[in-house]
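# Structural characterization, general
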Amino acid sequence: MLKLVYHFDFYYLQNELQQYAKTLSFDHAGFGWSKSIDSPRTVDNLVSDLHELFNKSNESPPYILVAHSLASLEAIRYAQVYTDEIQGIILLDGGSPQYYVNDLEIKSLILNRFSAILRVTGINRALGNIGIKLPFIGENIRYESLPEDIKNIDEAMYYKFIGNNSNLDVLKHINENAKIVIENGYLQDIPLLILSSDSGNEWEKVQLELLNWSNNSTQRTIKDSKHYLHWSHKEIVVSEIVEFIKNISNNY
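The rules we used
Residues numbered from 1 in each chain as written. Predicted model: local features only at pLDDT ≥ 70, side-chain atom pairs only at ≥ 80, totals over all residues. Heavy atoms only, no water. Axes fitted to C-alpha atoms, helices over the stretch in contact; angles between N-to-C directions. Helix = DSSP H or I, 4+ residues; strand = E, 2+ residues; numbered from the N terminus. Left-handed = near helix turned anticlockwise from the far one by under 90°. Contact = heavy atoms within 4.5 Å. Nonpolar A, V, L, I, M, F, W, Y, C, P; charged D, E, K, R; others polar. pLDDT = per-residue confidence, 0-100. Salt bridge = Lys/Arg side-chain N within 4 Å of Asp/Glu carboxyl O. Buried < 20%, exposed > 50% of the residue type's maximum accessible area, 1.4 Å probe, protein only. Pairing = 2+ DSSP bridges. Right-handed = clockwise from strand over helix to strand, strands pointing away.

## Here's the deal with the packing of helix α3 (residues 72-81) against helix α10 (residues 174-183)
Between two packed helices, what matters for the description is the angle formed by their axes and the separation of those axes. At a closest axis distance of 10 Å, the pairing of α3 and α10 adopts a crossing angle of 35 degrees. Seen along the crossing, α3 lies across α10 with a hand that is left-handed. Residues Leu73, Ile76, Arg77 and Gln80 of α3 form the contact with α10, whose own contacting residues are Ile174, Asn177, Ala178, Ile180 and Val181. Of the residues assigned to the contact of α3 with α10, the class counts are six nonpolar, two polar and one charged.

## Observations regarding the environment of Leu192
By secondary structure assignment, the location of Leu192 is in strand β5 (residues 192-197). Residues Leu192 and Ile64, spaced 128 residues apart in sequence, show a C-alpha to C-alpha distance of 9.7 Å. In contact with Leu192, other than residues within four places in its own chain, are Ile89, Leu91, Leu210, Trp213, Ser214, Asn216, Ser217, Thr218 and Phe244.

## A word on unusual backbone geometry
Pro61 connects to Pro62 through a cis peptide bond whose omega is 15 degrees. Counting through the fold element by element, Pro62 comes out in the loop between α2 (43-56) and β3 (63-68). In this structure, Asn58 takes a positive phi of about 60 degrees despite not being glycine. Turning to its location among the elements, Asn58 is positioned in the loop between α2 and β3. Even without being glycine, Asp224 reaches a positive phi, approximately 60 degrees. Here Asp224 is to be found in the loop between β6 (217-222) and α12 (229-232).

## Some remarks on the confidence of the model for the protein
When the pLDDT values of the protein are averaged, the result is 81; 73% of them are 70 or greater. Of all secondary-structure elements in the protein, the lowest mean pLDDT belongs to strand β1 (residues 2-5), at 45, while β5 reaches the highest, 97. Note on residues 1-6: pLDDT under 50 across the span, and 40 contacts to partners over four residues away in sequence or across chains.

## As for the pattern of salt bridges
Per the counting criterion, the structure on display carries five salt bridges. Measuring nitrogen to oxygen at the nearest pair gives 2.7 Å for the salt bridge that ties Arg77 to Asp44. In this pair, Arg77 sits in helix α3 while Asp44 sits in helix α2, placing the two residues 33 residues apart along the sequence. Accessibility expressed as a relative area gives 9% for Arg77, which makes it buried. Between Glu202 and Lys205 there is a salt bridge, and its shortest N-O distance comes to 3.5 Å. A residue pair is termed a helical-turn pair when its members lie 3 or 4 positions apart in one helix, as Glu202 and Lys205 do in helix α11 (residues 201-211) at three residues. On the basis of relative accessibility, which here comes to 49%, the residue Lys205 falls in the partly exposed class.

## So, the pairing of β5
Consecutive side chains along a regular strand alternate between the two faces of the sheet. Burial runs high along β5: six of the six residues are buried. Going residue by residue along β5, you find Leu192, Ile194 and Ser196 tucked away on one face and Leu193, Leu195 and Ser197 tucked away on the opposite face as well. Summarising the sheet, strand β4 (residues 86-92) and β5 pair through four bridges and their orientation is parallel. Counted as the bridge partner of Leu92 is Leu195 from β5. Pairing between β5 and β6: six bridges, direction parallel. Considered in β6, the bridge of Leu195 is made with Arg220. The parallel pair β5 and β6 is bridged by α11, and the resulting crossover is right-handed.

See the structure below:
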C-alpha cells in the first residue's frame, strides 16, 4: 500500500497508480478531511496518527510510503519506529534531516503568518479570482490539472486551511523533528527512491544527503522539474513509482 500525504495533492498519482497498488491518503490533523486535535505536531505524533490510520483502514503491512517535501521526515521516522511494516519509501523532492535540522524555521513561520493574514483579510480570494494561488510554486500547477468537479473542492480547502494553526504547529517543530530523526539513525537496507527537482547545486547536495539514509537507495533528478514535480512532471513520477513497485514485488 502507498501512503500519500494530502488527498488532492496526490489526486493524479492515486488515479494513475490504482491499477498497480491500493493507495491511502493521509490528511494531517487540521487539514482536508481530518479534524484538528490538541496534541503538538511533533514527528512522533504525526507518525502515531498515520499508524492509527493504517490500523483503522484494516490494511495489512508491508507498506510503501510516498512523501513530498517536509514529509520526508515523517516517512523516515515511520520506518525507524515501525521498521517491519515498511517495504520501501519514495521521496518526492524531500529535504534531508540534515537540511531540516539547520533550516531557519523563521522563514516558514513568516510565510505561514503572511498566508494567514491573506486568508482572514480575503486578499487570497481576491488573488484567486485573477488566477493566483499561494504558494506560487505549486498550488496553481495542481489546481489547473485537476478535473473541474474536483477543482471546486480543492479551492474550498485551499481557502479554508492556508496558513492555519495546524500548519503553524508543524512548522514550529521542523528543527526538533529533524533532530529526532537524526538521533534515531539510518534505515539500513530499506529500499529508498529519491526523486528530485532540478533546483541547483545546493539542493542537489541535500538530495545526496538523503541518498545516504539507506544502503539500498537510488536518487534521480528530473530535468527542468519544479518542487511539485508530481504535478510539473507527473507522467515521469508515475513511471518511476511503478518501476519501484515492480522491483520490490520481484524481490518478495
